[in-house]
Amino acid sequence: MTRTSSRFSDYVFSAQPGYDEPTLREAFSHAVPLTSVVIYCYDPRVREIPQAVAKFLGNQVYPGEVILDANGSRVGSTTTMGTVSVAAGRAVDAIRSVTVGEYLFCIETVVVVHHSNCGATSYTADRMVANYAHEHDGADISKAYDAGSVSISDYEDSLAYDVALLRAAPGVPKHADILGLFYNTDTGELTEVVRNPAVRG
């Protein structure tokens, strides 16, 4: 594949003279010391979830501080927790992000959070498929998504499902602990529902 330059090439690490991927990966892991990823819903009522998870884990820095160099360029951060905000906080939408996080930073903990009164509890997967076809000229989404990841009917089941999905994914590191937490939207309380410890050795 031929690489072409564009007006944004100056901002692409791999387009720079002397680019060396192993060296850059090593530098990146020190500049941005992420060790965990939290997956949560994009519902604006629960935007505090990352802070709550950082406090729950006790060893995470979030949101942290941006580090500037002498020229004022943003060259790093003190944040140790990356965030993935997706509908209902379902793991299926976040697996690629966890894989990228592991490749660049070495992830030790993955946390998936589902919250009370989530919109995903207001419908079933079957009704969504049927209604979507009716409302969008017969569009068939029945095989587009894993049915177990489309809605939430029971929080313990959905968290167990997502933790198992993460653990089974080849791009999620075996050395990472995976937690499933329930977040009370009104009180801000987090409850651990599922824990799948790292595979050691």
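Here's a quick rundown of the structure. Model, not experiment: these values are computed from the prediction. (Residues numbered from 1 in each chain as written. Predicted model: local features only at pLDDT ≥ 70, side-chain atom pairs only at ≥ 80, totals over all residues. Heavy atoms only, no water.)

Points about the overall build of the protein
Line of reasoning, step 1. If you tally the helices and strands in the protein, you get five helices and seven strands.
Line of reasoning, step 2. The N-to-C order of helical and strand elements in the protein reads α-β-α-β-β-β-α-β-α-α-β-β.
Line of reasoning, step 3. Projected onto its principal axes, the C-alpha coordinates of the protein cover approximately 55 × 45 × 35 Å.
Line of reasoning, step 4. Within the protein, the fraction of its 201 residues that count as buried is 35%.
Line of reasoning, step 5. Looking at the protein alone, contacts between residues at least 24 apart form 66% of all its contacts between residues at least 6 apart. (Helix = DSSP H or I, 4+ residues; strand = E, 2+ residues; numbered from the N terminus. Buried < 20%, exposed > 50% of the residue type's maximum accessible area, 1.4 Å probe, protein only. Contact = heavy atoms within 4.5 Å.)

What to know about the side chain of Thr109
Line of reasoning, step 1. For Thr109, the position within the fold is in strand S5 (residues 109-115).
Line of reasoning, step 2. By relative accessible area, Thr109 is classed as buried at 13%.
Line of reasoning, step 3. Thr109 has contacts with Thr35, Ser36, Val37, Leu57, Ala176, Asp177 and Leu179, leaving out every residue within four places of it along the chain.

A short note on unusual backbone geometry
Line of reasoning, step 1. A cis amide bond, omega 5°, links Tyr62 with the succeeding residue Pro63.
Line of reasoning, step 2. We note that Asn117 has phi near 55°; this positive angle belongs to a residue other than glycine.
Line of reasoning, step 3. Along the chain, the position of Asn117 falls in the loop between S5 and helix H4 (125-135).
Line of reasoning, step 4. We note that Asp137 has phi near 50°; this positive angle belongs to a residue other than glycine.
Line of reasoning, step 5. With respect to the helices, strands and loops of the structure, Asp137 is situated in the loop between H4 and helix H5 (155-168).

Here's the deal with the pattern of salt bridges
Line of reasoning, step 1. Per the stated rule, a full pass over the model turns up three salt bridges.
Line of reasoning, step 2. A salt bridge links Glu192 to Arg195; the shortest N-O distance between them is 2.9 Å.
Line of reasoning, step 3. In this structure Glu192 comes out as partly exposed when scored by relative accessible area, which is 33%.
Line of reasoning, step 4. Take Arg195: its relative accessible area is 46%, and that puts it in the partly exposed class. (Salt bridge = Lys/Arg side-chain N within 4 Å of Asp/Glu carboxyl O.)

A few points about the packing of helix H1 (residues 21-31) against helix H3 (residues 95-105)
Line of reasoning, step 1. Orientation of H1 relative to H3, taken along the N-to-C sense of each, is 100°, at an axis distance of 8 Å. Taken as axis vectors, H1 and H3 run roughly perpendicular relative to one another. When H1 is examined against H3, the residues Glu21, Arg25, Phe28 and Ser29 are found in contact with a partner set consisting of Tyr103, Leu104 and Phe105.
Line of reasoning, step 2. The residue makeup of the contact of H1 with H3, split by class, is four nonpolar, one polar and two charged. (Axes fitted to C-alpha atoms, helices over the stretch in contact; angles between N-to-C directions. Parallel < 35°, antiparallel > 145°, perpendicular 65-115°, else oblique. Nonpolar A, V, L, I, M, F, W, Y, C, P; charged D, E, K, R; others polar.)

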